[in-house]
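One-letter residues, chain by chain:
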Amino acid sequence: MRALLQRVREASVQVEGQTVAHIGPGFAILLGVGLEDTAEKAAALARKIAFLRVFEDEAGKMNLSIQDVKGEALVVSQFTLYADTRKGNRPSFTQAAPPDVARPLVETFAEHLKSYSIPVQQGIFGAHMLVYILNDGPVTIWLEQ
């Protein structure tokens, strides 16, 4: 399981001109599910993100978690995180899990984040989405489980 985590001031998702999710300060999480991923990996990644200290404390040091700052999370499924570009000019996505495997694992991941008292909103799985991200810092972190 792969996540591209961005600390944001705000983020939102639009599908067919309608806003389907919007958060204030917190994390925008672009989440990719691979062929070998499991519910256990989803739980472990959610825990890592819940306790990751990348928000600034009073001294300006990255020392606080999303829980500490009462931030929100926007989870957007993104199979393209499994793009393999080593050969040719067209990415291969053969290591991305098929939708019937990925969708429940994205839901499992989101539910685990919620279990840490983090308000979570999600994009629409499989939809063409416009994702608006106001990155704060910028802070962008690659996580893999």
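Just above, that's the structure.
What counts, and at which threshold
Residues numbered from 1 in each chain as written. Predicted model: local features only at pLDDT ≥ 70, side-chain atom pairs only at ≥ 80, totals over all residues. Heavy atoms only, no water. Helix = DSSP H or I, 4+ residues; strand = E, 2+ residues; numbered from the N terminus. Polar contact = N/O pair within 3.5 Å; in protein donor to acceptor, adjacent residues only side chain to side chain. Contact = heavy atoms within 4.5 Å. Buried < 20%, exposed > 50% of the residue type's maximum accessible area, 1.4 Å probe, protein only. Core = buried A, V, L, I, M, F, W, Y, C linked by side-chain atoms within 4.5 Å.

1. Focus on the side chain of Gln-6
In step 1: Mapping Gln-6 onto the fold places it in strand S1 (residues 2–15).
In step 2: Separated by 2.7 Å, the side chains of Gln-6 and Asn-135 make a polar contact.
In step 3: Once residues within four sequence positions are removed from consideration, Gln-6 is found in contact with Gly-26, Phe-27, Ala-28, Leu-30, Ile-133, Asn-135, Val-139 and Thr-140.

2. Section: the environment of Asp-68
In step 1: Among the structural elements, Asp-68 can be located in the loop between strand S5 (62–64) and strand S6 (72–77).
In step 2: Classification of Asp-68 by relative accessible area gives partly exposed; the value is 48%.
In step 3: A polar atom in the side chain of Asp-68 sits 2.9 Å from the backbone nitrogen of Ser-65.

3. Considering unusual backbone geometry
In step 1: Of note, the amide linkage connecting Gly-137 to Pro-138 takes the cis form, showing an omega dihedral of -5°.
In step 2: Mapped onto the secondary structure, Pro-138 falls in strand S8 (residues 130–144).
In step 3: You will see that Lys-70, though not glycine, has its phi angle at about 55°, which is positive.
In step 4: For Lys-70, the location among the structural elements is in the loop between S5 and S6.

4. Topic: the nonpolar core
In step 1: Ile-29, Ile-49, Phe-109 and Leu-113 are the most contacted members of the largest nonpolar core, which has 30 residues in total.
In step 2: Elements that contribute at least two residues to this core include exactly S1, strand S3 (26–32), helix H1 (39–51), S6, helix H2 (99–114) and S8.
In step 3: If one sorts the elements of this core by residue count, H2 sits on top with six residues.
In step 4: Residues contacting Ile-29, with those up to four places away along its chain left out, are Ala-3, Leu-4, Leu-5, Ile-49, Ala-73, Leu-74, Val-75, Val-76, Phe-109 and Leu-113.
In step 5: Judged by nonpolar contacts, the second largest core, of twelve residues, contains Ala-11, Leu-74, Leu-81 and Met-129.

Structural measurements only, silent on function.
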